[in-house]
Amino acid sequence: MHCVSSKYSVMMVSFCQGALLLSLAAAMAMAVYADMKVDCGPDFVTLMWTESRPQADTSLLRLGNCFPTSFSAGEAYFYVDLTDCNFRRLVTGDALVYSNDLTYVASADSYNLAFTHPVVCAYERPKDWYATIYDPVFKTYSLGDLQFNIGLMNDDFSGPAESTRFPLGSIIPIMASVVQETHQPLLLLLDECVAATTPELYPESTMYPIISNKGCLLESVSSRSKFEPRQKSSEIRLSLQTFTFAMGEEVFIHCKLLAWDPNGLDSTKKACHFVEGHGWELLDNLAQSNLCDCCESKCKSRRQRSVAAEKHGMVQKAVIGPFTITDVNS
């Protein structure tokens, strides 16, 4: 069940073994410098975007909320499941239709304009098809029509952690995500995280700061802790090196999750980590790493919009744990 289209400038409607691919041009003016090829598989989609403008940054392309699987100076390649990347599913009669948007998230100082290009795959509805029920792996927190998930993961982030005991100096993989039913693609950030020995925070609680100052990963300055490259904008992965805190006791990590406009990064809406030899770097766009300069002082926003976000239910508190940090010599 495969179907392939090419040439971004042409409206394509192709039938191939029961699959329909509909690819519409977002702007005819873009046809002179861009080419897109899409393959609708039985349960996945591949998309190759070829860009002829040398100044275009293909890493800023998004398919729904997914980052490119790979990219180079002139190309971006996506290989994604139809159940991923915020594909929208519509069942009409005998057709099962999946739709999404390819977007270009332009930097503030970019000469290239942002754009959105629709991608649609439609299939003959299988007679035995039924809706999949979502069963989250993480702790789940619902806020309005947003669903936040957070949890401890295994070494390659492919599933939940197999143990909650971590030797001192080892890496704790942590992943958080937000499920968006009606929102445009959102960027998930870890605004702040602290470790404590209690599932609730109290004024007298002993705390160990991990992320502070509006998204600055403090632990990255003196350890191997870092944010991992994103797979999706609505997901953030943290490799946290264990630290000397409450050894042998139950530890909880309290975080504030923030879902935000991908185009609205500022000094208080960011994910920054310290890279030895380079200094503070912005996870989502190295060219804007100046947003991390305040990590050594106090990060403040000049935008009133930042305050309005919390009032509109974009912030969620969450707790990870309990887990235990063990002494390797004991």
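Residues numbered from 1 in each chain as written. Predicted model: local features only at pLDDT ≥ 70, side-chain atom pairs only at ≥ 80, totals over all residues. Heavy atoms only, no water.

As annotated in an unreviewed UniProt entry, the protein carries the name ZP domain-containing protein and is attributed to Champsocephalus gunnari.

**Let's talk about the sheet that holds strand S16 (residues 187-196)**
Test applied: When DSSP finds two or more bridges between a pair of strands, those strands are recorded as paired. Secondary structure follows DSSP: runs of H or I at least 4 residues long count as helices, runs of E at least 2 residues long count as strands, and numbering of each begins at the N terminus.
Taken together, 8 strands build an open sheet; the order of strands is S14-S24-S21-S16-S17-S18-S22-S23 and the sheet is mixed. At either end of the open sheet lies a strand with only one pairing partner, and these are strand S14 (165-167) and strand S23 (279-282). With 8 bridges joining them, strand S21 (residues 250-260) and strand S24 (residues 315-326) adopt antiparallel strand pairing. Looking at the pairing, Cys-255 lines up with Ala-318 of S24.

**What to know about the packing of aromatic side chains**
Formally: Planes of paired rings set the category: under 30 degrees apart is stacked, over 60 is edge-to-face and the rest tilted, where pairs are Phe, Tyr or Trp rings (Trp by its six-membered ring) whose centres lie within 6.5 Å. Accessibility here uses a 1.4 Å probe with only protein chains present; expressed as a share of the type maximum, an area under 20% marks a residue as buried, one over 50% as exposed, and anything in between as partly exposed.
Per the stated rule, a full pass over the model turns up 9 aromatic pairs. Ring centres 5.4 Å apart and planes at 25° place the aromatic pair Trp-49 and Phe-115 in the stacked group. Of this pair, Trp-49 sits in strand S5 (residues 44-51) while Phe-115 sits in strand S11 (residues 115-124), and the two are 66 residues apart along the sequence. For the pair Trp-49 and Phe-115, one class covers both residues: buried. Plain terms: the ring middles of Phe-243 and Phe-245 are 6.3 Å apart, the flat faces sit at 50° to each other, and that makes the pair tilted. What makes Phe-245 buried here is its relative accessible area of 8%. In this structure an aromatic cluster arises from ring pairing among Trp-49, Tyr-104 and Phe-115.

**Regarding the state of the cysteines**
When the sulfur atoms of two cysteines share a covalent bond, that bond is a disulfide. What counts is decided by this rule: Disulfide assignment relies on a single distance test, namely cysteine sulfur atoms paired within 2.5 Å.
Counted by the stated rule, this structure contains 6 disulfides. Each sulfur of the disulfide joining Cys-66 and Cys-85 lies 2.0 Å from the other. Judged by the sign of its S-S torsion, about -95°, the cystine formed by Cys-66 and Cys-85 is left-handed. Separated by 19 residues along the polypeptide, Cys-66 in the loop between strand S6 (61-63) and strand S7 (70-71) and Cys-85 in the loop between strand S8 (75-81) and strand S9 (88-92) bring together distant segments of the chain. The class for Cys-66 is buried, based on a relative accessible area of 4%. For Cys-85, a relative accessible area of 1% translates into the label buried.

**Quick look at the environment of Asp-101**
Where we set the bar: The term polar contact refers here to a pair of N or O atoms within 3.5 Å; inside protein, the definition further demands a hydrogen-donor-capable atom paired with an acceptor-capable atom, and it admits residues adjacent in sequence only when both atoms are side-chain atoms.
Note on placement: Asp-101 falls in strand S10 (residues 95-104). Separated by 16 residues in the primary sequence, Asp-101 and Cys-85 place their C-alpha atoms 9.7 Å from one another. Polar side-chain contacts of Asp-101 include one of 3.3 Å to the side chain of Arg-88.

**Comments concerning unusual backbone geometry**
With an omega dihedral of 10°, the bond running from Gly-321 to Pro-322 counts as a cis peptide bond. Checked against the element boundaries, Pro-322 lands in strand S24. Backbone geometry at Cys-85 places phi at a positive 65°, although glycine is not the residue there. Backbone geometry at Lys-214 places phi at a positive 60°, although glycine is not the residue there. Residue position: Lys-214 is located in the loop between strand S17 (207-212) and strand S18 (216-217).

**Observations concerning the pattern of salt bridges**
Heads up, the rule is: Salt bridges are counted wherever a side-chain nitrogen of Lys or Arg sits within 4 Å of a carboxyl oxygen of Asp or Glu.
This model, assessed by the stated rule, comprises 6 salt bridges. The salt bridge involving Asp-284 is made with Arg-230; its shortest N-O contact spans 2.4 Å. With Asp-284 in the loop between S23 and helix H1 (305-311) and Arg-230 in the loop between strand S19 (226-227) and strand S20 (235-241), the pair connects residues that are 54 residues apart, well separated along the chain. As a salt-bridge pair, Arg-237 and Glu-235 come within 3.2 Å of each other at their nearest N and O atoms. Here Arg-237 and Glu-235 have matching classes, each one buried. Each of Asp-84, Lys-232, Glu-235 and Arg-237 takes part in salt bridges that share partners, so that together they form one network.

**Observations concerning the confidence of the model for the protein**
What counts here: Each residue carries a pLDDT score, the predictor's own confidence in it, on a scale running from 0 to 100. Pairs of residues are marked as contacts when any of their non-hydrogen atoms sit within 4.5 Å.
For the protein, per-residue confidence averages 79 on the pLDDT scale, and residues scoring 70 or more make up 76% of the total. Contacts of residues 1-32 to residues separated by more than four positions or lying in other chains number 86 contacts, the stretch itself having pLDDT below 50. With pLDDT under 50 throughout, residues 304-313 is counted as low confidence; its partners more than four residues away or in other chains account for 14 contacts.

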